[in-house]
Amino acid sequence: MGTTTTSIYEMIEGKNKKALEFIEEVTTNAEQVQKRVLYEILYRNEHVEYLQRHRLNGHTDSETFKEMVPIITYENLKPDIDRIIAKGNTYSPPILCAQPISKFYCTSGTSSGVRKPIPITEEDNERRGFFQSLLLPVLNQYIPGLDNGKAMFISIVQPEDPTPGGIRLTSSSTGRYKSTYFMQDKNFTSPVETILCEDLYQSMYSQLLCGLCHNKIVVRFGAGFATRLVRVITFLKEHWTHLCNDIRTGTINYAQITDPLVQKAVLEVLQKSSSPELANFIETECMRDEASWKGIISRLWPNTKYIEAIITGSMSQYIPTIDFYSNGLPIVSCRYSTSECYMGINLNPLSKPDEVSYTLIPTMAYYEFLPVHDDSRNNCDSLNLEKELVDLTSVELGREYELVITTYTGLYRYRVGDVLRVSGFKNNAPQFKYLGRNNKLVSIATERIDEVDLQNGVNIAANHLMKFIHVYLVDYTCFTDTTSTTPGHYVLYFEIQYYDIGKTSISRSLVFEECCLAFEESLGSHYCCVRHEGTVGPLEIKIVDEGTFDKLMNYAISQGAPVSQYKTPRCVKLAPFVELLNSSVVSNYYSQTCPKYNGMQV
């Protein structure tokens, strides 16, 4: 006898219950779990070269570990990783971890401009798969009916690159999409062949086509980072006529779809689900002007319950755009993860985007936290780091910390570079709000602006803009212009989209000038001081033409940036990027007055 519907639901409920019980247990016993994790990491890897180099001598207690093993950044680890890239798993003893390294997951390079290979083992991939299995049970508590439909997620992979030592380099998202646990999940509208297609346009087109064919059964809609979700809508605008034609005829007429595996998989979907009526419906919705694209996601996929995308940190500026296209559907940011490690789960998935917090799962790594001081966010090297660090259960509510991790795969006391604020607790485990990267993005004189400062200022400026002009901010980046003016000044490049070009009673120029000032005043007393001293000039906002940031992305990809992990650089320095942006400027505005300054530096 086959499995009945009732027994399937019982199996799902059983898995959900076990997952929630696991979360409850490890957060209740967070301190004990963390001690066990550190013991396991040090016991397994006691003979590796890195720990022997630091004379840990087999000790597995946290006190000796913290005394003997230094806090490091990627640059400290790079020589060891370069050796493994060169000769693979041939070293005896192993350099970083006892288990063989099966892949290197490369970071996106958005923050530093350099992609960083991170060692990964097969066991760690399984650990990430288990972490992923915890997400849907949490969501099911708040959003019922997710098991009754499919998820339309646009998932993009990139080619794996060989290394001299035989260990291939790829992105963490590609590793996820090629993993066993992902392949076994049949609740997606995209056939595996369309996801694994390494041609960006064929993959995007075919996944969107299959998602439209399944439009009535889609209950979850997402695309990883918020920036990619916006790109999906842009792609739909550019290709909806071709998509409608394929759905109307039940064949693939678009000449760019040449991959035979993709063709076969998509044709099977078209034969079952395409129809002239569906094509006519999609055509009617997509023929409207820009203002009428409001809610296009909820109209084309009417049973969608929520949007899934990472919208914390620098991704938060895409929230108004996603709200516009989804007609205000809940935006869920499920997990906090990096190429180095999967770490946090959003246990309140329906929280407002600006209130999203993540509970770090204590079994994934050993966590330490470096307090971020208001007067030295970008000057932590001057502190006695070892004395500053605290453990997971010793953090204080409301304080900001930089995350430091020790993993099973050979990262020991490794500064991730993310700034987190303690926002609450789940049992005995703290919950954190992700603020951004702890990195100095730009500086002209003695002031320093990091990603957190920049994003906060942009949010303030964009909110001021939207009060008076019916626009949303599509994307942004910044540049330190030290050649065209004396003194140098900061430039913000804004791409905006008008959704109601009606009359306004206030001058647009005045609104943008006020945005410049609002941004400057958000940067704090040190910046305001150098502005009053005249060592930094008035901030400038340059409005660029529609599609400029897509061109920036395409150029970055053509130069080797990973498609699956691309994030808009929040500071541009390379001449080709600056030239591309400046060639697209349609208007520009300056602060007309100095920001308020009380004469005291904080």
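As the structure is a prediction and not an experimental result, all values here were calculated from the model.

**Focus on the overall build of the protein chain**
Along its length, the protein chain carries 22 helices and 21 strands. Looking at the protein chain as a whole, 55% of its 602 residues qualify as buried. A fraction of 69% describes how many contacts in the protein chain between residues 6 or more apart in sequence connect residues 24 or more apart. Total accessible area computed for the protein chain in this model is approximately 25500 Å², and 50% of it derives from carbon and sulfur atoms.

**Describing helix α2 (residues 30-44)**
If you check α2, its first and last C-alpha atoms are 21 Å apart, about what 15 residues at 1.5 Å a residue would give, namely 21 Å. Within α2 the residues assigned to the buried category are A30, V33, Q34, V37, L38, I41 and L42. Angular distribution of buried residues about the axis of α2 spans 160°; they occupy a single face of the element.

**Considering the packing of helix α11 (residues 200-213) against helix α13 (residues 260-273)**
Between α11 and α13, the least distance of the axes is 10 Å, while the angle of their chain directions is 15°. The angle between α11 and α13 falls in the class roughly parallel. As α11 packs across α13, the resulting crossing turns out to be left-handed. Residues S206, L209, C210 and C213 of α11 lie in contact with α13, whose contacting residues are V262, V266, V269, L270 and S273. When grouped by side-chain class, the residues that make up the contact of α11 with α13 number seven nonpolar, two polar and no charged.

**Quick look at the packing of aromatic side chains**
The tally for this structure, following the rule as stated, stands at 18 aromatic pairs. With centroids separated by 6.3 Å and ring planes inclined at 80°, the aromatic side chains of F65 and Y366 adopt a geometry described as edge-to-face. Pair noted here: F65 is in helix α4 (residues 62-68) and Y366 is in strand β11 (residues 366-371), with a separation of 301 residues, a long-range link. Judged on exposure class, the residue F65 and its partner Y366 are both buried. Here the aromatic residues F324, Y325 and Y472 are joined through ring pairs into a cluster of three or more. Over the ring of Y408 we find R127; its NZ or CZ atom is 3.8 Å from the centre of that ring. Its guanidinium or amino end placed over the ring of Y342, R335 lies 5.1 Å from that ring's centre, counting from NZ or CZ.

**Regarding the confidence of the model for the protein chain**
When the pLDDT values of the protein chain are averaged, the result is 86; 89% of them are 70 or greater. Per-residue pLDDT stays below 50 along residues 375-383; that stretch engages in 21 contacts with residues further than four places along the chain or on separate chains.

The rules behind the values
- Think of each chain on its own: its residues are numbered from 1, step by step along the sequence as written.
- Residues qualify for local features only when their pLDDT is at least 70, as the model is predicted, and side-chain atom pairs are given and counted only at 80 or more; totals for whole chains, interfaces and linings, by contrast, use all residues.
- Side-chain descriptors were evaluated using all non-hydrogen atoms of the structure, hydrogens and water having been removed beforehand.
- Going along the chain from the N terminus, every DSSP run of H or I of four or more residues is numbered as a helix, and every run of E of two or more is numbered as a strand.
- Relative accessibility under 20% of the residue-type maximum defines a buried residue, over 50% an exposed one, and the middle range a partly exposed one, all with a 1.4 Å probe and only protein chains included.
- Contacts are assigned to residue pairs that have any heavy atoms within 4.5 Å of one another.
- Each accessible area is a Shrake-Rupley estimate made with a 1.4 Å probe; only the visible protein chains count as cover when residues are assessed.
- Helix span is expected to be 1.5 Å times the residue number reduced by one.
- Relevant arc is that of directions from the helix axis to the C-beta atoms, nothing else.
- To obtain an axis, a line is fitted to C-alpha atoms, over the contacting stretch when the element is a helix, and the angle between two such axes runs from 0 to 180 degrees between their N-to-C directions.
- Orientation categories follow fixed angle ranges, with anything under 35 degrees roughly parallel, anything over 145 roughly antiparallel, 65 to 115 roughly perpendicular, and all other angles oblique.
- Take the far helix as your reference; a near helix turned counterclockwise from it by less than a right angle gives a left-handed crossing, and one turned clockwise gives a right-handed crossing.
- Residues are sorted three ways: Asp, Glu, Lys and Arg are charged, Ala, Val, Leu, Ile, Met, Phe, Trp, Tyr, Cys and Pro are nonpolar, and all the rest, Gly among them, are polar.
- Stacked, tilted and edge-to-face pairs are distinguished by plane angle, under 30 degrees for stacked and over 60 for edge-to-face with tilted covering the rest, among Phe, Tyr and Trp rings (Trp via its six-membered ring) whose centres lie within 6.5 Å.
- We call a charge positioned over a ring when the NZ of a Lys or the CZ of an Arg lies within 6 Å of the ring centre and within 35 degrees of the ring normal.
- As a per-residue quantity, pLDDT reports the predictor's confidence and falls between 0 and 100.

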